[in-house]
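An overview of the molecular structure
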Amino acid sequence: MRKMKMFLLLALMTVVLLQACSTASNNSTEGAKEGAKSVGGELIVLRASDATSLDPHFITDIPSANIIHGKVYETLVAFDRDRKIVPLLAASWEQKDELTWTFTLNKGIKFHDGEDFNAEAVKATFSRILDPATGSPQRDKLSMISEVVVDDPYIVTLKLKNSYAPLLSILASQESSIISPKAVSESADQLATHPVGTGPFIFESWKSGQAITLNTNKEYWGAVPKIDNVTFKIVPEDSTRLAMIESGEAHIADQVPVTDIDRIEKSSTMNLFRTEGLAVEFIGFNVKDSLLSNVKVRQAISYAVDREAIISGIYNNVGTLANSAMSPKVIGYSSETKAYDYDVVKAKQLLKEAGIKEGTKVKLLTSDRKERINMAEVVQSQLKGIGLDVEIQVMEYGAFISEITKEQHQLFISGWGNATGDADYNQYNLFHTASMGAPGNHFYYSNPEIDQLIEEGRSESDQSKRNDIYKKAMQLELDEAVYIPVRNYEHLAVYSNAVKGFWLDASNYTMLSGVEIVQ
């Protein structure tokens, strides 16, 4: 039996004290002038693209989750700035055995629609996502839960089907956001456009393609934000976003092209926040495609891509060379897994063995982010060197996400932002057969051996044994050339001198609760 009990006040004090990983000369407090006073007001955060949904049970991308996670919605537990699990809606918890977890909830918390937060609300939320009729693409992320038992109005027990080592980490992720039971029962179909949670910000409006506005929750049960509201404005052009921050027209942009780093660092009105991420950028293969179903073709393409040239030439060495789909910051990562070296001779040989003719066409799909378009052009050039004719397809981010869930693409450039920091979130969602499609397996890869390894990793409590399991799985995925790992992320954000208290976490969530606008 293992008992874990922590108190919210101490956790919140810890969050304030801990320092995020950032550049030495530009951290979240240096933007504001010494002695500056908080003025409330509207915080304007610029985004390159619109959200795809605001329903945590249907969001499958971190940019969309970023609008509501920790802002409109909260979870039973949360990550602090040091990536440690701390209490949030739950005041404490106890693991009674490998299959039984009991949570004691904080009292006196209200949802934004006036409903009480209690054990019944927790049950309603998890029952919704676990109900097959809901059709949530996130269902499998919580499928280890067999039953939610209300022991008391403020005590709830989660009973598991099998041991699940990273339970707390998934409960801290956006998929486990606790939703108003009234909204679940009366207007579940509206949650995609009208979220209702317990968080420090209340949803106000969503003008599609333009802006999403959240108002500060003046009745918030925790520390009330010092701003009046936050507006996420959609500004697709990189140069326009930066100009708006520089001029003071906006306050934060969390999607910064690497080509703008020098300009930001030399600016007297802007500041740069940098932090190592949990995400990995990769080139993926739809292994069900008639051309790419041949492992030799996938291996040939893997050998033909000069990954180091992409990192230095496209990303200006922001981020590091990836050796798998798992970042070094993720629990379960192995430095011993080996991706394909750059070897054009070997690539040509494999294509010849596969019977692929010179000039064979293949499509490469990417979102409209500047660096990814540039990467696509480099890959196009590199694959031309082995006789493949690459057609680049560029789509707006939401359309891109939709397209890779339809199983019609071939090659694609994407990334996986690990929201929990645990290997299971990476492996199960990217490579398990049950995750094909919207949940994350856009490779449409299915391997019974991989499925078994992933399931073993989920239930194994010994971390050393888990590490060995994931190392074996990751190497097999690489050997079968399911994807080409390119870059371990370094997340970047730019913020104005008028902003104090802003930071990015390793999942690339903008942390806004403690932000102030000062003068």
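Note that the structure is predicted; figures quoted are calculated from it, not measured.

Calculation rules
- Residues numbered from 1 in each chain as written.
- Predicted model: local features only at pLDDT ≥ 70, side-chain atom pairs only at ≥ 80, totals over all residues.
- Heavy atoms only, no water.
- Helix = DSSP H or I, 4+ residues; strand = E, 2+ residues; numbered from the N terminus.
- Buried < 20%, exposed > 50% of the residue type's maximum accessible area, 1.4 Å probe, protein only.
- Contact = heavy atoms within 4.5 Å.
- Areas by Shrake-Rupley, 256 points an atom, 1.4 Å probe, with all protein chains shown as cover.
- UniProt positions renumbered as here; feature names shortened; annotations may be inferred.
- Salt bridge = Lys/Arg side-chain N within 4 Å of Asp/Glu carboxyl O.
- Axes fitted to C-alpha atoms, helices over the stretch in contact; angles between N-to-C directions.
- Parallel < 35°, antiparallel > 145°, perpendicular 65-115°, else oblique.
- Left-handed = near helix turned anticlockwise from the far one by under 90°.
- Nonpolar A, V, L, I, M, F, W, Y, C, P; charged D, E, K, R; others polar.
- Domains from an automatic or database assignment.
- Buried area = accessible area lost by both parts, 1.4 Å probe.
- Expected span 1.5 Å × (residues − 1).
- Arc of directions from axis to C-beta.
- Polar contact = N/O pair within 3.5 Å; in protein donor to acceptor, adjacent residues only side chain to side chain.

A look at the overall build of the chain
- Helix and strand counts for the chain come out as 15 helices and 22 strands.
- Each principal axis of the C-alpha atoms in the chain carries an extent, and together these give about 70 × 55 × 40 Å.
- When the 519 residues of the chain are sorted by exposure, 58% land in the buried category.
- Of the contacts formed within the chain by residues at least 6 apart in sequence, a portion of 72% connects residues at least 24 apart.
- Counting only carbon and sulfur atoms, one obtains 48% of the accessible surface of the chain, whose full area is about 20,500 Å².

Focus: the UniProt feature "domain: Solute-binding protein family" (unreviewed entry) in the chain
- On the UniProt side, "domain: Solute-binding protein family" (unreviewed entry) is annotated at positions that read residues 84-436 here.
- Across residues 84-436 one finds 27% helix and 26% strand; the C-alpha atoms that close the span lie 30 Å apart.

Overview of unusual backbone geometry
- At Glu-407, a position not held by glycine, the phi torsion is positive, near 70 degrees.
- Mapping Glu-407 onto the fold places it in the loop between helix H12 (397-403) and strand S17 (411-416).
- Residues other than glycine seldom take positive phi values, yet Ala-481 does so here, at roughly 50 degrees.
- Mapped onto the elements of the fold, Ala-481 is located in the loop between helix H15 (463-479) and strand S18 (483-496).

Remarks on the pattern of salt bridges
- What the rule picks out here adds up to 22 salt bridges.
- Here Asp-228 ties to Lys-218 by a salt bridge, and the two come within 3.7 Å at their closest N and O atoms. Of the two residues, Asp-228 sits in the loop between strand S10 (211-216) and strand S11 (229-234) while Lys-218 sits in the loop between S10 and S11, which places them 10 residues apart along the sequence.
- The salt bridge involving Asp-341 is made with Lys-338; its shortest N-O contact spans 3.3 Å.
- The class of Lys-338 is exposed, set by a relative accessible area of 51%.

Notes on the packing of helix H13 (residues 423-431) against helix H14 (residues 448-459)
- Where H13 meets H14, the closest approach of the two axes is 10 Å, and the angle between their N-to-C directions is 150 degrees. Considered as vectors, H13 and H14 are oriented roughly antiparallel to each other. Considering how the two elements wind past one another, H13 and H14 form a crossing that is left-handed. Listed contacts from H14 to Asp-424, Gln-427, Tyr-428 and Phe-431 of H13 are Ile-450, Asp-451, Ile-454 and Arg-458.
- Within the contact of H13 with H14, the residues separate by chemical class into four nonpolar, one polar and three charged.

Some words on the domain arrangement of the chain
- Parsing the chain into structural domains produces domain 1 (38-53 + 199-269 + 497-518), domain 2 (73-189) and domain 3 (277-490).
- Using C-alpha coordinates to define each centre, domain 2 is positioned 32 Å away from domain 3.
- Opposite the 16 residues of domain 2 that make contact, domain 3 presents 17 residues.
- With both chains or domains summed, domain 2 and domain 3 bury close to 1,300 Å², and 52% of this area falls on carbon and sulfur atoms.

A closer look at helix H11 (residues 370-384)
- Taking 1.5 Å per residue, 15 residues should reach 21 Å; H11 reaches 21 Å between its end C-alpha atoms and fits that length.
- Among all positions of H11, only Glu-371, Arg-372, Met-375, Ala-376, Val-379, Gln-382 and Leu-383 are buried. Down the axis of H11, the sector holding all buried residues measures 140 degrees, keeping them to one side.

Overview of H15
- Taking 1.5 Å as the rise per residue, H15 with 17 residues should run 24 Å; its terminal C-alpha atoms sit 24 Å apart, in good agreement.
- Inspection of H15 places Arg-466, Ile-469, Tyr-470, Ala-473, Met-474, Leu-476, Glu-477 and Leu-478 among the buried residues, and these make up the whole buried set.
- In the core, the buried residues of H15 are packed alongside H13, H14 and S18.
- One side-chain oxygen of the residue at the start of H15 lies 2.9 Å from the amide nitrogen of Ser-464, identifying that residue as Asp-462.

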